[in-house]
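Examining the three-dimensional arrangement
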Amino acid sequence: MDLIHHETQQGQLCAQHCLNALLQCPVFDAISLSEIAQQLDDQERCQMSKGNPDDYQKFLSQPSINMDDSGFFSVQVIMKALEVYGLSAKHWAHPDLKTARNNPTENFNALICNLNEHWFTIRKLGLQWFTIDSCKSGPLHVSETYLEIYLKQLEHEGYTIFVVLGDLPHCPAHDQLLLNPVDPRLVPSTTSAKSHKQRTPVEDTAPPAPPKPIVTESAEEIRRKRLAHFGNPEQTSSNNPETSSSFSPSGNHDNDDNQGNECSDGNGNHGDDDEMMRIAIQMSLEGNQ
């Protein structure tokens, strides 16, 4: 993998990185691509000068469409750069490629892809395919069985794909990988990398309902609901013979161990104040749902 020429992203120079990855040699830089862009500008200017004078003046007042200061270069610049090495490129969907598209691993040797002004290369080296993207940390292996799926995925994500036609220049990486192919189990692969657009799948489940607001109540409201549920201890004891004997005017129960901690619910069941408060609060919350 170390023999494969890979450049890391600098500014907006992905067109330069893509071309050098395709040719497997740093033959292009910002200056050489700017010269090609300038030649295209001159040709366009000459052509426009032969037309409507107003259109020509408007053309002169506008910035170049072939390059800018950020390092961007147009597709026309890339196509012109390919011609320097006797290469050309056709759109993936071109009618001439209809049959060849059915078996890209055998019929193509390289492709270049573009989305939102970002370019990267997919190239065959030896008998194996690699994605060479300046935004990645290094080349990514693409298996032959996955290549066609990968290209369809890129199309679905909105990439424009061009098939590079012609004889690519000789490179040491190609010869080395013919003799010693990489072990796919030991190198990074495109299948293990994230999607270039890193899309988030759309879930088909409905979003959860917003939580119901919790309404707090005053101590007086809680006391009122508590009394409504448990009754007034004093009234209960005076009306119930079984409990009146165990209630003293001083508020003390016969059982000192449970002094101040018990009250009757009318069914002979007892619970402490904390339990009553818990139930009362629960009732309060249920009443506001």
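First things first, this report covers the structure right here in the doc. Quantities reported herein were computed from a predicted structural model and do not represent experimental measurements.

1. A closer look at the side chain of histidine 5
Locating histidine 5 in the fold gives a position in the segment before α1 (14-23). Polar contacts involving the side chain of histidine 5 include one to the side chain of glutamate 7, which spans 2.9 Å. In this view, histidine 5 contacts Asn20, Ala21, Gln24, Cys25, Pro26 and Ile132; residues no more than four positions away in its chain are not counted.

2. Some words on the layout of surface pockets
A volume near 170 Å³ is recorded for the second largest pocket. Considering the residues around the second largest pocket, the lining is formed by Asn109, Arg123, Lys124, Gly126, Gly166, Asp167, Leu168, Pro169, His170, Cys171 and His174. Of the residues belonging to the lining of the second largest pocket, the class tally is three nonpolar, five polar and three charged.

3. Description of the pattern of salt bridges
The full count for this structure, using the stated rule, is five salt bridges. A salt bridge links lysine 80 to glutamate 83; the nearest nitrogen and oxygen atoms lie 3.6 Å apart. Placement of both lysine 80 and glutamate 83 in helix α4 (residues 75-84) is noted, with a separation of three residues, approximately one turn of the helix. The exposure class of lysine 80 is partly exposed, given its relative accessible area of 29%.

4. A closer look at the pairing of strand β3 (residues 118-125)
Here β3 lies mainly inside the structure; eight of its eight residues are buried. Burial of β3 is two-sided: the residues His118, Phe120, Ile122 and Lys124 facing one way and the residues Trp119, Thr121, Arg123 and Leu125 facing the other way are all buried. Between strand β2 (residues 110-115) and β3, which pair antiparallel one after the other, the connecting turn spans two residues, and asparagine 116 there sits at a positive phi close to 50°. For β3 and strand β4 (residues 128-132), the ladder comprises five bridges, and the chain directions are antiparallel. Of the residues in β4, the one forming a bridge with lysine 124 is tryptophan 129. The hairpin formed by β3 and β4 contains two residues between the paired strands, and glycine 126 there has a positive phi angle of roughly 70°.

5. Description of empty space enclosed by the protein
What the rule picks out here adds up to two cavities of 30 Å³ or more. Quantified by volume, the largest cavity comes out at close to 40 Å³. If you go around the largest cavity, the residues you meet are His6, Glu7, Cys14, His17, Cys18, Ala21, Trp119, Phe120, Ile132, Asp133 and Ser134. Going through the elements one at a time, α1 and β3 are the ones with two or more residues in the lining of the largest cavity. When its volume is computed, the second largest cavity comes out at roughly 30 Å³. For the second largest cavity, the full set of lining residues is Gln12, Cys14, Ala15, Phe72, Phe73, Glu117 and Trp119. For the lining of the second largest cavity, the class distribution of residues is five nonpolar, one polar and one charged.

6. Quick look at the packing of helix α2 (residues 30-48) against α4
One can describe the packing of α2 onto α4 by two numbers: an axis separation of 9 Å at closest approach and a directional angle of 110°. As the angle between them shows, α2 and α4 are arranged roughly perpendicular. The residues of α4 that touch α2, namely those facing Leu33, Ile36, Ala37 and Leu40, are Gln76, Val77, Lys80 and Ala81. Residue composition of the contact of α2 with α4, by class: six nonpolar, one polar and one charged.

The rules behind each value
Residues numbered from 1 in each chain as written. Predicted model: local features only at pLDDT ≥ 70, side-chain atom pairs only at ≥ 80, totals over all residues. Heavy atoms only, no water. Helix = DSSP H or I, 4+ residues; strand = E, 2+ residues; numbered from the N terminus. Polar contact = N/O pair within 3.5 Å; in protein donor to acceptor, adjacent residues only side chain to side chain. Contact = heavy atoms within 4.5 Å. 1 Å grid on protein atoms, 1.4 Å probe; cavity = no way out; pocket = protein on both sides within 12 Å on 5 of 7 lines; lining within 4 Å. Points joined across faces, edges and corners; volume = space filled by probe spheres on them. Nonpolar A, V, L, I, M, F, W, Y, C, P; charged D, E, K, R; others polar. Salt bridge = Lys/Arg side-chain N within 4 Å of Asp/Glu carboxyl O. Buried < 20%, exposed > 50% of the residue type's maximum accessible area, 1.4 Å probe, protein only. Pairing = 2+ DSSP bridges. Axes fitted to C-alpha atoms, helices over the stretch in contact; angles between N-to-C directions. Parallel < 35°, antiparallel > 145°, perpendicular 65-115°, else oblique.

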